[in-house]
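The primary structure of each chain is shown beneath.
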Amino acid sequence: MAKTNQAAEIRLENISKTFHDRARGGAVHAVRPLDLEIKPGQLTTLLGPSGCGKTTLLRMVAGFEEPTTGRIIIGGQDQTKVMANKRDIGFVFQNYALFPHMTVYDNVAYGLKLKGLPASQIREAVGDVLEMVGLTGMEKRFPNQISGGEQQRVALARVIVTRPKVLLFDEPLSNLDAKRRVQMRGEIKALQKMLSITSIYVTHDQEEALAISDQIVVMNKGTIEQVGTPWEVYSQPRSLFVANFVGTTNVLPAQVREVQGSTVAAEVQGRVFRVQTSISPAVGSQVYLLIRPEAAQIAAAPGEEDLVGTVKGVTYLGEKVEYDLEVLGQDFKVVVADPQRGTVFEPGAQVAVNIPEERLSVVDH
Amino acid sequence: MAARRNTPKQAGLLGGLGRYSPTALVLGGLLWIFLAIFILYPLYKLLYMTFVQNGTFTFASLTRILSRRGNRVALVNSLKLGVIVGILSTVVGFLFAFARSRANLAKGWRRFIDAIIVLPMISPPFTLALSMLFAFGPRGLLTYRLLGMTGSSIYGMWSTVWAQVLTYFPLAYLTLRGVLENINPSLEENAFSLGGSRLRVFGTVTLPLATPGLANSFLLVFSASLADFAIPLVLAGHTFPVLSTQAYLQITGLYDLRGGAALSFILLVPSLLIFFLQRYWVSRKYYVTVTGKAASGTNAPLVSRGAKYGLLAFCLVVSAFILLLYGMILFGSLVKAWGANHEFTLANYRYLFTHGLKSIKDTLYIAFWAMPLGGLFGILVGYLVTRKLVPAGRLMESVSMINYALPGMVVGIAYLLAFNDPPLVLTGTATILIAAYVFRYSPTGVRATIATLQQIDRSIEEASTSLGADLVTTLRTITVPLVLPSLFAGLEVTFTRAMTAISATIFLVSVNWTLITVRILESATELELGNAAAFSVFVIVVVYVVTLGLRGILRLLGLATVQEKTAVY
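Residues numbered from 1 in each chain as written. Chains lettered and ligands numbered in written order. Predicted model: local features only at pLDDT ≥ 70, side-chain atom pairs only at ≥ 80, totals over all residues.

**A word on the overall build of chain B**
In terms of helices and strands, chain B carries 24 helices and 4 strands. Considering chain B as a whole, with its 569 residues, one finds that 50% of them fall into the buried category. For chain B, long-range pairs separated by at least 24 residues make up 81% of all intrachain contacts whose partners lie at least 6 apart in sequence. (Helix = DSSP H or I, 4+ residues; strand = E, 2+ residues; numbered from the N terminus. Buried ≥ 20, exposed ≤ 12 C-beta atoms within 10 Å, placed from the backbone. Contact = placed C-beta atoms within 7 Å.)

As structure tokens, this is what we get:
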């Protein structure tokens, strides 16, 4: 196999992309000026709804789109003006983009042939990589003769065989069924770790992003909402958008009563919660308190001091029960894991709701 | 991402052109020059001749032409013929297509049907008219020899109708087969399982879903019939004049160019109308109604055993009749005098390779020039338009279709008017014949290229780029091989038509350059049927061999599978 590249860092500086589309009233700001740093050897996910600019950003890194402003620096070198074919980047397309007139072998060997490697070396490298992705024996098949999952593996093999500095994935699993998707994302993650190639992975599937990433970049309307580890993005969302897009969350509109250092006291319908946070809102301003459904607890027979909730709906899902409650005049979801016989509440029941303050986060209104 | 497909910024003309590559712009400019010279200019000359007299706009030519009773009758006859042939061909084509896609026929039968259907498509348009003469003519095999009828008249409307139906129903068949194969059989199975009888399912599911296809097929055949002039010339006789033959006689008999132009304008209007109706209305309805994957062609529940064998019998009878007609051509080419002396002779072929040699050489020369040029032109226009490499691509595509949409007769007259006088005198050259074929038949290549390229996602080219290939390498290793099947489709059609077509070029042949088809027509109208038959056999054999050769090359290149996926005939 070809020699391994030193893992490269990617830096995007003040990068933006503006399209002109008369049908949509002129300028479309697909990506607004932003900075982003991607650490060497890591897998970073661009996560966001369709139209958020994540694919455009990825295609600018690949060199398929020219940025309107800004610089792209890969491994310390400015690549902004470098053509896509000189960037040493592997791009895995959503629709695989296999060459339909070439066999599996020829598809995988394509990049190596372009590099002018001797035939014996190509044969060896292709053999190795096909074994790595579990396609040994498929060399002579054409793309339309293999399954979707196998096509995905060929697309993967085709880029990793050249040992690029950077791997870019554009929603690579969206054409697979649910089971195959979970399996393939595990394989992609394992391969990426083994080869330790700096990777950017675009997806709109938050579960996939959580499962696969070292770092997640949540995007919305051409801007970055939050950058962080999966844990940070899930448990400490910086905005209402992030909280809602990554997983399910309960939103409690609150008013700030007091700010002491990093502790904010906020009131919801007469009840005050003290929350640790990095933001410092003004006293009297409106904020949102957020809590994940699995972070709250419920219990039977509410006492005087307890927060009371009314059960409106119950969904039994085997490993868990989801409750739709009304708490403090708000819709409120609680998830109870591993429900035992006889502990499931019926609709209409009054329950005690515990909202642990250390599990709350605060975002601006 | 939604924002990926962007349209060019309209910051003034030059600013807008800035985003196109100079190479593409130069190439696009060249193509426009050719389109202007060989499509727009002749059309302009035709309209000018029809509507401008002594420098003023006038309807005089049209009213003069229409004031003659013969021409009014011809107009009515043409429309009547078109409607009857359109309906009958669609019915026959539908029965064939239905049998092929729904009756669960054995593979052998399906192959047989396809092989027969291709015959009328690769032979000169009036071959069947010729064999109708053999079968039903004054000395016809069926009428005279078998039935002992004398003086039976074949000439007239109905023999024209049947010759045209047999010639044009393959067009209907191909259209409808595509439509029926795209109707998911599970829809019919579903209706059947809901308790509908076979007839009811057919009437309430299959037929309504196929309706846009039926309309499309009718329009295609209607305009083919309207444009056809060879069959009426051989079979219609003086009792049944049609527009196309009138226009022909106006020019060759009366040397009345202005009258011919006016007549062909009358022919042009319904043809263009139908073309745009078919292209922008009917074809759009397809995509709304027909969804789902291509069916495998097995749909057991819909067709009962009786219906299956009924359909098969119908197809076989029609096929046998077509085979019989072609057999008679072959037979007729090998006997001394059809209907009188059936002694075996090679005299007709000797004539072919002596007196006919010039027309053979000329035709092959022209066909072998038109083939690559037509194929190349088609692929270039298709590529530039689909990949949005030039401004106003849609307009370029539409203009490139004009000569294809017009009746050949109209194109021929327009060329005659355009290239007879300076600035561009091409009359009497091979160039004018080659140009006529290239610009009339390259649209097949354009359509094939567009269809293929639309299936090739841009990401395939991007994949090649990001693996390290430059633009030229990507074109050479990815784009060209993938588009090659469309090029071959274009080559095949241009060659076949250059060998078989007559309506556009009959006015363009000269002492210097003549065509086999013209010789066949001359022989047929002068009732030298043996010679005509030998010429026809020769054309069919050559077209068949070249077609097979092209497909063989494609298979050798390992691209046949790609073609099967993207085939459009």
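**Concerning the overall build of chain A**
Secondary structure summary: chain A contains 8 helices and 20 strands in total. Across its three principal directions, the C-alpha atoms of chain A cover 80 × 50 × 40 Å. Residue burial in chain A is summarised as follows: out of 365 residues, 38% are buried. A fraction of 67% describes how many contacts in chain A between residues 6 or more apart in sequence connect residues 24 or more apart.

**Notes on the sheet that holds strand E13 (residues 271–276) of chain A**
Residue and element names in this part refer to chain A. Pairing is antiparallel in the open sheet, where 5 strands are placed in the order E13-E12-E11-E14-E20. At either margin of the open sheet sits one strand with a lone partner, and together these are E13 and strand E20 (361–364). The sheet shows a mean angle of 45° between the axes of neighbouring strands, taken without regard to direction. Summarising the sheet, strand E11 (residues 250–260) and strand E14 (residues 286–291) pair through 6 bridges and their orientation is antiparallel. Looking across to E14, one finds that valine 251 is bridged to leucine 290. (Pairing = 2+ DSSP bridges. Axes fitted to C-alpha atoms, helices over the stretch in contact; angles between N-to-C directions.)

**Comments concerning the domain arrangement of chain B**
All names here are of chain B. Here the domain parsing of chain B yields domain 1 (20–53 + 347–569) and domain 2 (66–244 + 284–345). Opposite the 27 residues of domain 1 that make contact, domain 2 presents 26 residues. Of all the secondary-structure elements, those providing two or more residues to the side of domain 1 that touches domain 2 are helix H15 (347–354), helix H18 (408–418), helix H21 (471–500), helix H22 (516–525) and helix H23 (529–556). Partitioning the side of domain 1 that touches domain 2 into residue classes produces 17 nonpolar, 10 polar and no charged. (Domains from an automatic or database assignment. Nonpolar A, V, L, I, M, F, W, Y, C, P; charged D, E, K, R; others polar.)

**What about the domain arrangement of chain A?**
Residue and element names in this part refer to chain A. Domain assignment breaks chain A into domain 1 (10–240) and domain 2 (248–364). Contacts between the two partners involve 5 residues from domain 1, matched on the other side by 5 residues from domain 2. When the residues that make up the side of domain 1 that touches domain 2 are grouped by side-chain class, the tally is 2 nonpolar, 2 polar and 1 charged.

**Regarding the pairing of strand E3 (residues 43–47) of chain A**
All names here are of chain A. The element E3 is largely enclosed, with a buried count of 5 among its 5 residues. Side-chain alternation along E3 places Leu43, Thr45 and Leu47 on one buried face and Thr44 and Leu46 on a second face that is also buried. Of the strand pairs in this sheet, E3 and strand E8 (residues 198–203) are connected by 5 bridges, and their pairing is parallel. When the bridges of E8 are listed, leucine 46 appears paired with valine 202. Pairing of E3 with strand E9 (residues 215–220), which is carried by 4 bridges, proceeds in the parallel orientation. Bridge assignment links leucine 47 to a residue of E9, and that residue is valine 218.

**Some thoughts on the nonpolar core**
Counting 260 residues, the largest nonpolar core has Ala157, Leu168 and Leu289 of chain A together with Ala129, Leu130, Ile413 and Ala436 of chain B as the members making the most contacts within it. Discounting residues that sit within four places of it in the chain, leucine 130 of chain B has contacts with Val234, Ile329, Ala524, Leu529, Ala532, Ala533 and Ser536 of chain B. (Core = buried A, V, L, I, M, F, W, Y, C linked by C-beta atoms within 7 Å.)

**Observations regarding the environment of proline 40 of chain A**
Residue and element names in this part refer to chain A. Examined against the element boundaries, proline 40 turns out to sit in the loop between strand E2 (26–38) and E3. Each C-alpha atom, one on proline 40 and one on leucine 58, is 16 Å from the other, the two residues being 18 residues apart in sequence. In this view, proline 40 contacts Ala7, Ala8, Glu9 and Thr198; residues no more than four positions away in its chain are not counted.

**Some words on unusual backbone geometry**
Residue proline 423 of chain B is bonded to the preceding proline 422 of chain B through a cis peptide linkage, with omega at 15°. Assignment of secondary structure puts proline 423 of chain B in the loop between H18 and helix H19 (430–455). Positive phi, normally seen in glycine, also occurs at alanine 97 of chain A, with a value near 50°. By secondary structure assignment, the location of alanine 97 of chain A is in the loop between strand E6 (89–92) and helix H2 (104–114). A residue is classified by how many C-beta atoms lie within 10 Å of it, and alanine 97 of chain A, with 25 of them, is buried.

**Thoughts on the pairing of strand E18 (residues 330–337) of chain A**
All names here are of chain A. Relative to E18, strand E17 (residues 320–327) is paired through 8 bridges, and the arrangement is antiparallel. In the sheet register, glutamate 326 faces E18, and the bridge partner there is aspartate 331. Connecting the antiparallel pair E17 and E18 is a turn made up of 2 residues, with leucine 328 showing a positive phi of about 50°.

**Let's talk about the packing of helix H17 (residues 393–405) of chain B against H19 of chain B**
Residues and elements named next belong to chain B. Where H17 meets H19, the closest approach of the two axes is 6 Å, and the angle between their N-to-C directions is 130°. In this view, H17 runs oblique relative to H19, as classed from their interaxial angle. Handedness of the crossing formed by H17 with H19: left-handed. Where H17 approaches H19, its residues Glu397, Ser400, Met401, Asn403 and Tyr404 are matched on the opposing element by Phe439, Arg440, Pro443 and Val446. (Parallel < 35°, antiparallel > 145°, perpendicular 65-115°, else oblique. Left-handed = near helix turned anticlockwise from the far one by under 90°.)

**Digging into the sheet that holds E8 of chain A**
Residue and element names in this part refer to chain A. With mixed pairing, the 6 strands of this open sheet are ordered in space as E6-E7-E8-E3-E9-E10. The open sheet terminates on both sides in strands that have one partner only, identified here as E6 and strand E10 (223–228). Pairwise comparison of adjacent strand axes, ignoring direction, gives a mean angle of 15° for this sheet.

**What to know about H22 of chain B**
Residue and element names in this part refer to chain B. With 7 of 10 residues buried, H22 is to be regarded as a mostly interior element. For H22, the full list of buried residues reads Ile516, Thr517, Arg519, Ile520, Leu521, Ser523 and Ala524. Taken together, the buried residues of H22 touch helix H6 (127–136), helix H11 (230–235), helix H16 (357–386), H21 and H23. Downstream of H22 by one or two residues, leucine 527 has phi in the positive range, about 60°.

**Some words on the confidence of the model for chain B**
Residue and element names in this part refer to chain B. Averaged over chain B, the pLDDT score is 80; the fraction of residues at 70 or greater is 87%. Within chain B, helix H4 (residues 69–102) carries the highest mean pLDDT (90), whereas helix H24 (residues 560–566) carries the lowest (43). For residues 561–569, every residue scores under 50 in pLDDT, and the model assigns this stretch 17 contacts once sequence neighbours within four places are set aside. Both confidence scores are given for the complex: pTM 0.72, ipTM 0.81. (pLDDT = per-residue confidence, 0-100.)

**Describing the environment of threonine 136 of chain A**
Residues and elements named next belong to chain A. Along the chain, threonine 136 turns up in the loop between helix H3 (119–132) and helix H4 (148–160). For threonine 136, a count of 11 C-beta atoms within 10 Å translates into the label exposed. With 98 residues separating them in the primary sequence, threonine 136 and isoleucine 38 have C-alpha atoms 34 Å apart. Threonine 136 has contacts with Leu130 and Glu131, leaving out every residue within four places of it along the chain.

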